[in-house]
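A look at the structure
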Amino acid sequence: MQRCKGFAMKVLVIGSGGREHALAWALARSKRVTEVVCAPGNGGIAQVARLAPVVLSDLDSMVELALREQPAMVVVGPELPLALGLVDALTERGLRVFGPTQAAAMLETSKSFAKRFLQRHQIPTANYAVCTSAADVEKALELFHAPIVVKADGLAAGKGVVICQTRRAALEAAQGLFSGELLGADGERQVVVEEFLTGDEVSFLCLCDGKTALPLAAAQDHKRIGEGDTGPNTGGMGVYSTDSILDAEMRQWLVRHVAEPTLRGMAAEGAPFQGVLYIGLMMTPRGPQVLEFNARFGDPETQAILARLESDLADALDAAIDGRLAGITLRWKPGASVCVIASSGGYPGSYETGKPIHGLDEAARVEGVVVFHSGTSRRASELVTSGGRVLGVTATAGDLREALSRAYEAMSRIQFDGIYFRRDIAHRALGK
Ligand code: AMP
Ligand code: GLY
(Lines give C-alpha, C1' and ligand atoms only; values in the text may rest on other atoms or scores of the structure.)
(Ligands and ions follow the chains in the order given, each with its own letter.)
Protein backbone atom coordinates (compact mmCIF):
# COMPACT_ATOMS: atom_id res chain seq x y z
CA MET A 1 0.00 0.00 0.00
CA GLN A 2 1.21 3.54 -0.77
CA ARG A 3 1.82 5.49 2.43
CA CYS A 4 1.80 9.27 2.55
CA LYS A 5 5.09 10.29 4.13
CA GLY A 6 4.60 12.91 6.78
CA PHE A 7 1.14 11.61 7.56
CA ALA A 8 2.30 8.22 8.80
CA MET A 9 0.32 7.33 11.89
CA LYS A 10 0.58 4.68 14.55
CA VAL A 11 -2.79 4.11 16.22
CA LEU A 12 -3.42 2.41 19.57
CA VAL A 13 -6.84 0.76 19.97
CA ILE A 14 -7.87 -0.12 23.54
CA GLY A 15 -10.16 -3.15 23.94
CA SER A 16 -10.51 -6.82 23.11
CA GLY A 17 -13.89 -7.42 21.47
CA GLY A 18 -15.48 -7.63 18.05
CA ARG A 19 -15.91 -3.86 18.08
CA GLU A 20 -12.16 -3.39 18.51
CA HIS A 21 -11.47 -5.97 15.78
CA ALA A 22 -13.66 -3.92 13.41
CA LEU A 23 -11.98 -0.67 14.51
CA ALA A 24 -8.49 -2.13 14.04
CA TRP A 25 -9.50 -3.58 10.66
CA ALA A 26 -10.92 -0.26 9.43
CA LEU A 27 -7.95 1.73 10.76
CA ALA A 28 -5.46 -0.70 9.18
CA ARG A 29 -7.08 0.09 5.81
CA SER A 30 -6.54 3.83 6.22
CA LYS A 31 -4.06 5.44 3.81
CA ARG A 32 -2.45 7.27 6.71
CA VAL A 33 -2.16 4.52 9.27
CA THR A 34 1.15 2.70 9.18
CA GLU A 35 0.69 0.57 12.29
CA VAL A 36 -2.19 -0.51 14.52
CA VAL A 37 -1.47 -1.68 18.05
CA CYS A 38 -4.39 -3.21 19.96
CA ALA A 39 -4.38 -3.75 23.72
CA PRO A 40 -5.12 -6.32 24.89
CA GLY A 41 -6.76 -7.49 21.63
CA ASN A 42 -7.74 -11.09 20.87
CA GLY A 43 -6.85 -14.00 18.61
CA GLY A 44 -8.49 -12.47 15.52
CA ILE A 45 -7.26 -8.91 16.03
CA ALA A 46 -3.73 -10.31 15.90
CA GLN A 47 -4.25 -10.66 12.12
CA VAL A 48 -4.56 -6.88 11.63
CA ALA A 49 -2.71 -5.39 14.59
CA ARG A 50 0.20 -5.94 16.93
CA LEU A 51 -1.14 -6.97 20.34
CA ALA A 52 0.13 -5.50 23.60
CA PRO A 53 -0.91 -6.67 27.06
CA VAL A 54 -2.94 -4.36 29.34
CA VAL A 55 -5.68 -4.93 31.91
CA LEU A 56 -8.82 -2.96 30.99
CA SER A 57 -9.65 -2.41 34.67
CA ASP A 58 -6.12 -1.13 35.45
CA LEU A 59 -5.67 2.48 34.39
CA ASP A 60 -1.92 2.48 35.04
CA SER A 61 -1.31 -0.47 32.71
CA MET A 62 -3.00 1.39 29.84
CA VAL A 63 -1.29 4.72 30.56
CA GLU A 64 2.14 3.04 30.74
CA LEU A 65 1.58 1.28 27.42
CA ALA A 66 0.42 4.46 25.67
CA LEU A 67 3.40 6.43 26.98
CA ARG A 68 5.75 3.70 25.78
CA GLU A 69 4.13 3.38 22.34
CA GLN A 70 3.61 7.13 21.73
CA PRO A 71 0.87 6.58 19.10
CA ALA A 72 -0.38 9.48 16.99
CA MET A 73 -3.90 8.60 18.15
CA VAL A 74 -5.50 6.41 20.83
CA VAL A 75 -9.01 5.01 20.23
CA VAL A 76 -10.80 3.75 23.34
CA GLY A 77 -13.37 1.00 22.66
CA PRO A 78 -15.04 -0.20 25.89
CA GLU A 79 -16.87 1.71 28.62
CA LEU A 80 -14.74 0.56 31.55
CA PRO A 81 -11.56 2.51 30.63
CA LEU A 82 -13.74 5.56 29.85
CA ALA A 83 -15.36 5.27 33.28
CA LEU A 84 -11.90 5.02 34.88
CA GLY A 85 -10.82 8.28 33.21
CA LEU A 86 -8.37 6.89 30.64
CA VAL A 87 -9.06 9.73 28.20
CA ASP A 88 -8.35 12.35 30.88
CA ALA A 89 -5.16 10.56 31.99
CA LEU A 90 -3.78 10.28 28.44
CA THR A 91 -4.80 13.78 27.36
CA GLU A 92 -3.05 15.26 30.43
CA ARG A 93 0.10 13.49 29.26
CA GLY A 94 -0.09 15.06 25.82
CA LEU A 95 -1.57 12.20 23.81
CA ARG A 96 -4.35 12.57 21.23
CA VAL A 97 -7.30 10.44 22.25
CA PHE A 98 -10.61 9.64 20.58
CA GLY A 99 -13.21 9.20 23.32
CA PRO A 100 -15.00 11.17 26.04
CA THR A 101 -13.55 12.33 29.34
CA GLN A 102 -14.72 10.66 32.54
CA ALA A 103 -17.16 13.52 33.14
CA ALA A 104 -18.61 13.35 29.62
CA ALA A 105 -18.86 9.53 29.79
CA MET A 106 -21.36 9.97 32.65
CA LEU A 107 -24.01 9.98 29.93
CA GLU A 108 -23.39 6.22 29.93
CA THR A 109 -21.92 5.47 33.33
CA SER A 110 -24.79 6.96 35.36
CA LYS A 111 -28.38 6.34 34.28
CA SER A 112 -29.67 8.85 36.86
CA PHE A 113 -27.34 11.52 35.45
CA ALA A 114 -28.45 10.70 31.88
CA LYS A 115 -32.17 10.77 32.72
CA ARG A 116 -31.93 14.09 34.60
CA PHE A 117 -29.81 15.52 31.79
CA LEU A 118 -32.40 14.47 29.17
CA GLN A 119 -35.16 16.05 31.23
CA ARG A 120 -33.16 19.25 31.87
CA HIS A 121 -32.61 19.68 28.15
CA GLN A 122 -36.10 18.66 27.04
CA ILE A 123 -34.89 15.69 25.01
CA PRO A 124 -37.62 13.06 24.60
CA THR A 125 -37.28 10.10 26.97
CA ALA A 126 -39.50 7.80 29.06
CA ASN A 127 -41.00 9.18 32.32
CA TYR A 128 -38.87 8.10 35.24
CA ALA A 129 -38.04 8.45 38.90
CA VAL A 130 -34.62 8.19 40.55
CA CYS A 131 -34.95 6.34 43.86
CA THR A 132 -32.50 5.89 46.74
CA SER A 133 -34.42 3.38 48.87
CA ALA A 134 -37.10 0.68 48.62
CA ALA A 135 -39.54 3.06 50.34
CA ASP A 136 -38.76 5.63 47.65
CA VAL A 137 -39.46 3.04 44.95
CA GLU A 138 -42.75 2.04 46.56
CA LYS A 139 -43.90 5.67 46.49
CA ALA A 140 -42.71 6.24 42.91
CA LEU A 141 -44.45 3.10 41.68
CA GLU A 142 -47.84 4.69 42.43
CA LEU A 143 -47.22 6.92 39.40
CA PHE A 144 -46.46 4.08 36.96
CA HIS A 145 -48.60 1.47 35.22
CA ALA A 146 -47.20 -2.02 34.56
CA PRO A 147 -45.10 -3.09 32.76
CA ILE A 148 -42.43 -1.09 34.57
CA VAL A 149 -38.71 -0.92 33.83
CA VAL A 150 -36.24 -0.95 36.74
CA LYS A 151 -32.62 -0.01 36.03
CA ALA A 152 -29.38 -0.10 37.96
CA ASP A 153 -27.75 3.34 38.03
CA GLY A 154 -24.22 2.20 37.18
CA LEU A 155 -22.52 0.16 34.45
CA ALA A 156 -23.92 -3.38 34.33
CA ALA A 157 -22.83 -4.84 30.94
CA GLY A 158 -26.43 -5.03 29.73
CA LYS A 159 -27.60 -6.88 32.85
CA GLY A 160 -28.86 -3.90 34.83
CA VAL A 161 -32.32 -3.57 33.26
CA VAL A 162 -35.33 -5.55 34.52
CA ILE A 163 -38.70 -5.38 32.78
CA CYS A 164 -41.40 -6.06 35.36
CA GLN A 165 -44.99 -7.11 34.72
CA THR A 166 -46.34 -5.94 38.09
CA ARG A 167 -45.57 -3.25 40.68
CA ARG A 168 -44.69 -5.99 43.15
CA ALA A 169 -42.12 -7.45 40.73
CA ALA A 170 -40.72 -3.94 40.18
CA LEU A 171 -40.32 -3.44 43.92
CA GLU A 172 -38.58 -6.82 44.23
CA ALA A 173 -36.24 -6.01 41.35
CA ALA A 174 -35.35 -2.67 42.94
CA GLN A 175 -34.72 -4.41 46.29
CA GLY A 176 -32.48 -6.91 44.50
CA LEU A 177 -30.48 -4.08 42.95
CA PHE A 178 -30.13 -2.20 46.25
CA SER A 179 -29.03 -5.31 48.17
CA GLY A 180 -26.56 -6.47 45.53
CA GLU A 181 -28.47 -9.74 45.08
CA LEU A 182 -29.17 -8.99 41.38
CA LEU A 183 -25.85 -7.55 40.21
CA GLY A 184 -23.49 -8.48 42.99
CA ALA A 185 -20.85 -6.16 44.42
CA ASP A 186 -22.12 -3.78 47.08
CA GLY A 187 -25.52 -3.12 45.53
CA GLU A 188 -26.73 0.06 43.88
CA ARG A 189 -27.11 3.33 45.77
CA GLN A 190 -29.66 4.58 43.24
CA VAL A 191 -32.19 2.85 41.01
CA VAL A 192 -34.12 4.31 38.08
CA VAL A 193 -37.79 3.36 37.71
CA GLU A 194 -39.06 4.00 34.21
CA GLU A 195 -42.14 3.85 32.03
CA PHE A 196 -42.12 0.88 29.60
CA LEU A 197 -41.94 1.94 25.93
CA THR A 198 -42.94 -0.05 22.86
CA GLY A 199 -41.72 0.21 19.28
CA ASP A 200 -38.70 -0.60 17.16
CA GLU A 201 -35.30 -0.11 18.78
CA VAL A 202 -32.65 1.74 16.76
CA SER A 203 -28.97 2.37 17.48
CA PHE A 204 -28.10 5.85 16.21
CA LEU A 205 -24.39 6.55 16.62
CA CYS A 206 -22.77 9.94 15.99
CA LEU A 207 -19.11 10.92 15.89
CA CYS A 208 -18.84 14.03 18.07
CA ASP A 209 -16.16 16.69 18.49
CA GLY A 210 -17.79 18.63 21.31
CA LYS A 211 -19.93 20.77 18.98
CA THR A 212 -20.79 18.82 15.83
CA ALA A 213 -22.56 15.47 15.64
CA LEU A 214 -21.82 13.48 12.50
CA PRO A 215 -24.21 10.51 12.18
CA LEU A 216 -22.97 7.06 11.26
CA ALA A 217 -25.15 4.59 9.35
CA ALA A 218 -28.03 3.50 11.61
CA ALA A 219 -28.25 -0.06 12.91
CA GLN A 220 -30.64 -2.35 14.72
CA ASP A 221 -29.36 -4.71 17.41
CA HIS A 222 -30.98 -7.91 18.69
CA LYS A 223 -30.32 -7.92 22.42
CA ARG A 224 -32.12 -11.06 23.55
CA ILE A 225 -30.46 -14.46 23.40
CA GLY A 226 -33.42 -16.32 21.87
CA GLU A 227 -35.06 -16.23 18.45
CA GLY A 228 -38.20 -14.12 18.32
CA ASP A 229 -36.58 -11.77 20.88
CA THR A 230 -37.04 -14.13 23.82
CA GLY A 231 -34.92 -14.98 26.86
CA PRO A 232 -32.46 -12.82 28.77
CA ASN A 233 -30.63 -9.75 27.45
CA THR A 234 -27.10 -10.14 26.13
CA GLY A 235 -24.46 -7.71 24.91
CA GLY A 236 -26.07 -8.07 21.44
CA MET A 237 -26.57 -11.18 19.26
CA GLY A 238 -26.71 -9.60 15.83
CA VAL A 239 -27.17 -6.34 13.99
CA TYR A 240 -28.16 -5.11 10.58
CA SER A 241 -27.61 -1.74 8.96
CA THR A 242 -29.51 -0.27 6.02
CA ASP A 243 -30.38 3.32 5.12
CA SER A 244 -34.06 2.47 5.48
CA ILE A 245 -33.78 2.02 9.27
CA LEU A 246 -33.91 5.83 9.54
CA ASP A 247 -34.79 7.98 6.55
CA ALA A 248 -32.90 11.22 5.88
CA GLU A 249 -35.63 13.35 7.43
CA MET A 250 -35.66 11.33 10.67
CA ARG A 251 -31.86 11.39 10.89
CA GLN A 252 -31.96 15.16 10.54
CA TRP A 253 -34.65 15.38 13.22
CA LEU A 254 -32.59 13.23 15.59
CA VAL A 255 -29.47 15.32 15.04
CA ARG A 256 -31.40 18.53 15.69
CA HIS A 257 -33.56 17.35 18.60
CA VAL A 258 -31.36 14.79 20.34
CA ALA A 259 -27.67 14.85 19.35
CA GLU A 260 -27.13 18.62 19.10
CA PRO A 261 -29.00 19.53 22.30
CA THR A 262 -26.96 16.83 24.05
CA LEU A 263 -23.68 18.31 22.83
CA ARG A 264 -24.80 21.87 23.69
CA GLY A 265 -25.96 20.73 27.12
CA MET A 266 -22.75 18.86 27.92
CA ALA A 267 -20.61 21.80 26.78
CA ALA A 268 -22.71 24.26 28.81
CA GLU A 269 -22.34 22.01 31.87
CA GLY A 270 -18.56 21.96 31.53
CA ALA A 271 -18.14 18.46 30.07
CA PRO A 272 -17.94 18.80 26.28
CA PHE A 273 -18.49 15.43 24.61
CA GLN A 274 -15.88 14.15 22.13
CA GLY A 275 -16.13 10.56 20.94
CA VAL A 276 -19.05 8.38 19.87
CA LEU A 277 -22.44 9.34 21.23
CA TYR A 278 -24.45 6.14 20.90
CA ILE A 279 -28.12 7.07 21.13
CA GLY A 280 -30.32 4.06 21.91
CA LEU A 281 -33.80 4.93 20.67
CA MET A 282 -37.25 3.45 20.87
CA MET A 283 -39.35 4.55 17.87
CA THR A 284 -42.66 4.79 19.76
CA PRO A 285 -46.09 5.82 18.46
CA ARG A 286 -45.49 9.23 20.10
CA GLY A 287 -42.16 9.64 18.33
CA PRO A 288 -38.53 8.69 19.04
CA GLN A 289 -37.60 8.44 22.74
CA VAL A 290 -34.08 8.05 24.11
CA LEU A 291 -33.74 4.71 25.94
CA GLU A 292 -30.12 5.18 26.84
CA PHE A 293 -26.86 6.81 25.88
CA ASN A 294 -23.61 4.96 25.47
CA ALA A 295 -20.40 6.96 25.31
CA ARG A 296 -18.67 4.61 22.85
CA PHE A 297 -19.06 2.53 19.73
CA GLY A 298 -21.65 -0.28 20.07
CA ASP A 299 -20.81 -3.95 19.86
CA PRO A 300 -21.87 -5.53 17.45
CA GLU A 301 -23.21 -2.32 15.79
CA THR A 302 -19.66 -1.22 14.95
CA GLN A 303 -18.91 -4.39 12.99
CA ALA A 304 -21.90 -3.85 10.67
CA ILE A 305 -21.45 -0.07 10.48
CA LEU A 306 -17.75 -0.08 9.65
CA ALA A 307 -18.29 -2.81 7.05
CA ARG A 308 -20.34 -0.19 5.16
CA LEU A 309 -17.96 2.76 5.68
CA GLU A 310 -16.10 3.79 2.52
CA SER A 311 -14.42 6.89 3.97
CA ASP A 312 -11.14 6.78 5.86
CA LEU A 313 -11.94 6.12 9.54
CA ALA A 314 -8.62 7.56 10.78
CA ASP A 315 -9.39 10.89 9.06
CA ALA A 316 -12.81 11.07 10.70
CA LEU A 317 -11.57 10.21 14.22
CA ASP A 318 -8.68 12.64 13.82
CA ALA A 319 -11.13 15.38 12.84
CA ALA A 320 -13.25 14.61 15.92
CA ILE A 321 -10.21 15.06 18.20
CA ASP A 322 -9.41 18.40 16.52
CA GLY A 323 -12.99 19.75 16.50
CA ARG A 324 -13.14 19.66 12.68
CA LEU A 325 -16.12 17.35 12.13
CA ALA A 326 -18.23 20.12 10.57
CA GLY A 327 -15.97 19.83 7.51
CA ILE A 328 -16.26 16.04 7.15
CA THR A 329 -18.70 14.01 5.05
CA LEU A 330 -18.81 10.24 5.31
CA ARG A 331 -19.40 7.95 2.33
CA TRP A 332 -21.26 4.66 2.83
CA LYS A 333 -21.70 1.54 0.74
CA PRO A 334 -25.32 1.50 -0.37
CA GLY A 335 -27.31 -1.64 0.37
CA ALA A 336 -27.02 -3.51 3.63
CA SER A 337 -24.73 -5.13 6.14
CA VAL A 338 -25.36 -7.64 8.89
CA CYS A 339 -23.30 -9.04 11.72
CA VAL A 340 -24.47 -12.34 13.22
CA ILE A 341 -22.87 -13.28 16.54
CA ALA A 342 -21.85 -16.85 17.35
CA SER A 343 -21.72 -17.42 21.10
CA SER A 344 -20.61 -20.17 23.44
CA GLY A 345 -23.42 -22.55 24.50
CA GLY A 346 -24.85 -21.30 27.80
CA TYR A 347 -24.15 -17.57 27.26
CA PRO A 348 -25.33 -15.17 28.77
CA GLY A 349 -25.24 -17.64 31.68
CA SER A 350 -22.18 -19.76 32.39
CA TYR A 351 -20.34 -21.36 29.48
CA GLU A 352 -17.14 -23.27 28.72
CA THR A 353 -14.14 -21.86 26.86
CA GLY A 354 -11.08 -23.28 25.16
CA LYS A 355 -13.03 -24.94 22.31
CA PRO A 356 -11.10 -25.15 19.02
CA ILE A 357 -12.68 -23.09 16.20
CA HIS A 358 -12.72 -24.48 12.64
CA GLY A 359 -13.80 -23.23 9.24
CA LEU A 360 -12.82 -19.56 9.50
CA ASP A 361 -10.90 -19.53 6.20
CA GLU A 362 -13.80 -21.20 4.39
CA ALA A 363 -16.20 -18.65 5.92
CA ALA A 364 -14.06 -15.70 4.84
CA ARG A 365 -14.17 -16.97 1.23
CA VAL A 366 -17.88 -16.13 0.97
CA GLU A 367 -18.23 -12.93 -1.06
CA GLY A 368 -18.64 -9.79 1.05
CA VAL A 369 -17.87 -11.57 4.34
CA VAL A 370 -15.43 -10.67 7.08
CA VAL A 371 -15.36 -12.43 10.46
CA PHE A 372 -14.67 -10.21 13.46
CA HIS A 373 -13.51 -12.00 16.61
CA SER A 374 -14.98 -11.18 20.02
CA GLY A 375 -13.80 -13.89 22.40
CA THR A 376 -11.06 -15.93 20.76
CA SER A 377 -7.47 -16.59 21.67
CA ARG A 378 -4.56 -18.41 20.19
CA ARG A 379 -3.40 -21.65 21.86
CA ALA A 380 -0.28 -22.98 20.14
CA SER A 381 -1.28 -23.10 16.46
CA GLU A 382 -5.01 -23.28 17.24
CA LEU A 383 -7.66 -20.62 17.62
CA VAL A 384 -9.95 -21.36 20.59
CA THR A 385 -13.01 -19.78 22.19
CA SER A 386 -12.34 -17.52 25.17
CA GLY A 387 -15.58 -15.64 25.79
CA GLY A 388 -19.38 -15.67 25.73
CA ARG A 389 -19.69 -13.89 22.41
CA VAL A 390 -17.06 -15.63 20.26
CA LEU A 391 -17.20 -14.04 16.81
CA GLY A 392 -19.39 -12.00 14.49
CA VAL A 393 -19.87 -13.02 10.88
CA THR A 394 -20.26 -9.74 9.02
CA ALA A 395 -21.52 -9.47 5.45
CA THR A 396 -22.27 -6.62 3.07
CA ALA A 397 -24.38 -6.86 -0.10
CA GLY A 398 -26.64 -4.84 -2.37
CA ASP A 399 -29.67 -5.66 -0.24
CA LEU A 400 -30.53 -7.07 3.16
CA ARG A 401 -31.72 -10.46 1.93
CA GLU A 402 -28.41 -11.07 0.12
CA ALA A 403 -26.35 -9.81 3.07
CA LEU A 404 -28.19 -12.28 5.35
CA SER A 405 -27.75 -15.11 2.91
CA ARG A 406 -24.00 -14.46 2.73
CA ALA A 407 -23.65 -14.20 6.52
CA TYR A 408 -25.54 -17.42 7.19
CA GLU A 409 -23.69 -19.28 4.41
CA ALA A 410 -20.39 -18.23 6.04
CA MET A 411 -21.72 -19.14 9.50
CA SER A 412 -22.59 -22.65 8.28
CA ARG A 413 -18.89 -23.18 7.54
CA ILE A 414 -17.77 -22.36 11.11
CA GLN A 415 -17.71 -24.96 13.86
CA PHE A 416 -16.86 -25.07 17.52
CA ASP A 417 -18.24 -27.22 20.32
CA GLY A 418 -21.45 -25.63 21.66
CA ILE A 419 -21.77 -22.94 18.93
CA TYR A 420 -25.04 -20.97 19.15
CA PHE A 421 -26.36 -18.18 16.93
CA ARG A 422 -29.75 -16.64 16.20
CA ARG A 423 -31.15 -17.56 12.80
CA ASP A 424 -33.61 -14.67 12.76
CA ILE A 425 -31.41 -11.57 12.67
CA ALA A 426 -33.28 -8.79 10.77
CA HIS A 427 -36.37 -11.01 10.46
CA ARG A 428 -38.72 -8.16 11.32
CA ALA A 429 -37.15 -5.86 8.71
CA LEU A 430 -37.53 -8.55 6.04
CA GLY A 431 -41.18 -8.98 6.98
CA LYS A 432 -41.91 -5.28 6.40
P1 AMP B 1 -30.57 0.17 28.42
O2 AMP B 1 -29.32 -0.42 29.02
O3 AMP B 1 -31.15 1.29 29.19
O4 AMP B 1 -30.51 0.39 26.96
O5 AMP B 1 -31.60 -1.05 28.44
C6 AMP B 1 -31.32 -2.29 27.85
C7 AMP B 1 -32.48 -2.74 27.04
O8 AMP B 1 -33.66 -2.80 27.85
C9 AMP B 1 -32.85 -1.79 25.92
O10 AMP B 1 -32.08 -2.02 24.79
C11 AMP B 1 -34.31 -2.13 25.72
O12 AMP B 1 -34.46 -3.29 24.94
C13 AMP B 1 -34.79 -2.40 27.12
N14 AMP B 1 -35.35 -1.18 27.72
C15 AMP B 1 -34.69 -0.23 28.42
N16 AMP B 1 -35.50 0.76 28.80
C17 AMP B 1 -36.73 0.46 28.33
C18 AMP B 1 -38.01 1.09 28.38
N19 AMP B 1 -38.19 2.25 29.03
N20 AMP B 1 -39.03 0.48 27.76
C21 AMP B 1 -38.86 -0.69 27.12
N22 AMP B 1 -37.69 -1.35 27.04
C23 AMP B 1 -36.63 -0.79 27.62
N1 GLY C 1 -24.97 -3.54 21.32
C2 GLY C 1 -25.27 -2.79 22.46
C3 GLY C 1 -24.14 -2.07 23.05
O4 GLY C 1 -23.06 -1.97 22.51
O5 GLY C 1 -24.31 -1.52 24.14
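Figured I'd write up the structure that's included with this text. Here the structure is a predicted model, which is why all the values come from computation and not from measurement.

A separate point is the packing of aromatic side chains. Counted by the stated rule, this structure contains five aromatic pairs. With 5.2 Å between their ring centres and 75 degrees between their planes, Trp25 and Phe372 make a pair best called edge-to-face. Highlighted residues: Trp25 in helix α1 (residues 18-28) and Phe372 in strand β19 (residues 369-373), separated in sequence by 347 residues. Look at Phe98 and Phe297: their rings are 6.1 Å apart centre to centre, the planes differ by 40 degrees, and that puts the pair in the tilted class. Pair noted here: Phe98 is in strand β5 (residues 97-98) and Phe297 is in the loop between β17 (287-294) and α10 (301-308), with a separation of 199 residues, a long-range link. You can call Phe98 buried: its relative accessible area is 1%. Seen from the ring of Trp25, Arg29 lies directly overhead, with NZ or CZ sitting 4.0 Å from the centre.

Right, let's get into the site of ligand 2. Every residue near ligand 2 is listed here: Asp221, Lys223, Gly235, Tyr278, Asn294, Arg296, Gly298, Asp299, Pro300 and Glu301. Between Asp299 and ligand 2, the recorded distance is 2.9 Å, taken from a backbone N or O atom to a nitrogen atom. Between ligand 2 and Glu301 there is a distance of 2.8 Å, counted from a nitrogen atom to a side-chain nitrogen or oxygen. Burial of ligand 2 by the protein chains amounts to 89% of its free accessible area of 200 Å². The residue makeup of the shell around ligand 2, split by class, is two nonpolar, three polar and five charged.

Further remarks concern the sheet that holds β17. What the four strands build is an open sheet, ordered β11-β10-β16-β17; its pairing is antiparallel. Taken across any chain shown, the strands that pair with only one partner, and hence form the sheet edges, are β11 (213-215) and β17. Taken over all neighbouring pairs, the strand axes of this sheet differ in orientation by 35 degrees on average, direction set aside. Across seven bridges, strand β16 (residues 274-284) lies against β17 in antiparallel orientation. Bridge pairing in β17 links Ile279 to Phe293. Helix-sheet contacts for helix α9 (residues 248-268) involve β10 (200-209), β11, β16 and β17, and the interaxial angle to β16 is about 125 degrees. Packing against the sheet, helix α11 (residues 313-322) makes contact with β10 and β16, and its axis sits at approximately 65 degrees to β10.

Note that Leu23 resides in helix α1. For Leu23, a relative accessible area of 0% puts it in the buried group. Each C-alpha atom, one on Leu23 and one on Val63, is 20 Å from the other, the two residues being 40 residues apart in sequence.

Attention now goes to the site of ligand 1. Taken together, the neighbourhood of ligand 1 is formed by 14 residues, with Glu194, Glu195, Leu197, Glu201 and Glu292 sitting nearest. Measuring from an oxygen atom of ligand 1, one finds a side-chain N or O atom of Lys151 at 2.9 Å. Within the side chain of Glu194, a nitrogen or oxygen atom sits 2.7 Å from a nitrogen atom of ligand 1. Protein contact buries 92% of the 470 Å² of open area that ligand 1 shows by itself. Contributing elements (two or more residues each) for the shell around ligand 1: β7 (148-152), β9 (191-195) and β17.

Spatially, β12-β15-β18-β22-β19 is the arrangement adopted by the five strands of the open sheet, whose pairing is antiparallel. The open sheet has two edge strands with one neighbour each: β12 (220-221) and β19. Both β19 and strand β22 (residues 389-397) contribute to a ladder of five bridges, which runs antiparallel. Bridge pairing in β22 places Val370 opposite Thr394. Strands β15 (238-242), β18 (336-343), β19 and β22 of the sheet are contacted by helix α13 (residues 400-412), whose axis makes an angle of about 30 degrees with β18.

Criteria and cut-off values
Residues numbered from 1 in each chain as written. Chains lettered and ligands numbered in written order. Predicted model: local features only at pLDDT ≥ 70, side-chain atom pairs only at ≥ 80, totals over all residues. Heavy atoms only, no water. Phe/Tyr/Trp six-rings, centres within 6.5 Å; stacked < 30°, edge-to-face > 60°. Helix = DSSP H or I, 4+ residues; strand = E, 2+ residues; numbered from the N terminus. Buried < 20%, exposed > 50% of the residue type's maximum accessible area, 1.4 Å probe, protein only. Lys NZ or Arg CZ within 6 Å of the ring centre and 35° of its normal. Near = heavy atom within 4 Å. Polar contact = N/O pair within 3.5 Å; in protein donor to acceptor, adjacent residues only side chain to side chain. Areas by Shrake-Rupley, 256 points an atom, 1.4 Å probe, with all protein chains shown as cover. Nonpolar A, V, L, I, M, F, W, Y, C, P; charged D, E, K, R; others polar. Pairing = 2+ DSSP bridges. Axes fitted to C-alpha atoms, helices over the stretch in contact; angles between N-to-C directions. Contact = heavy atoms within 4.5 Å.

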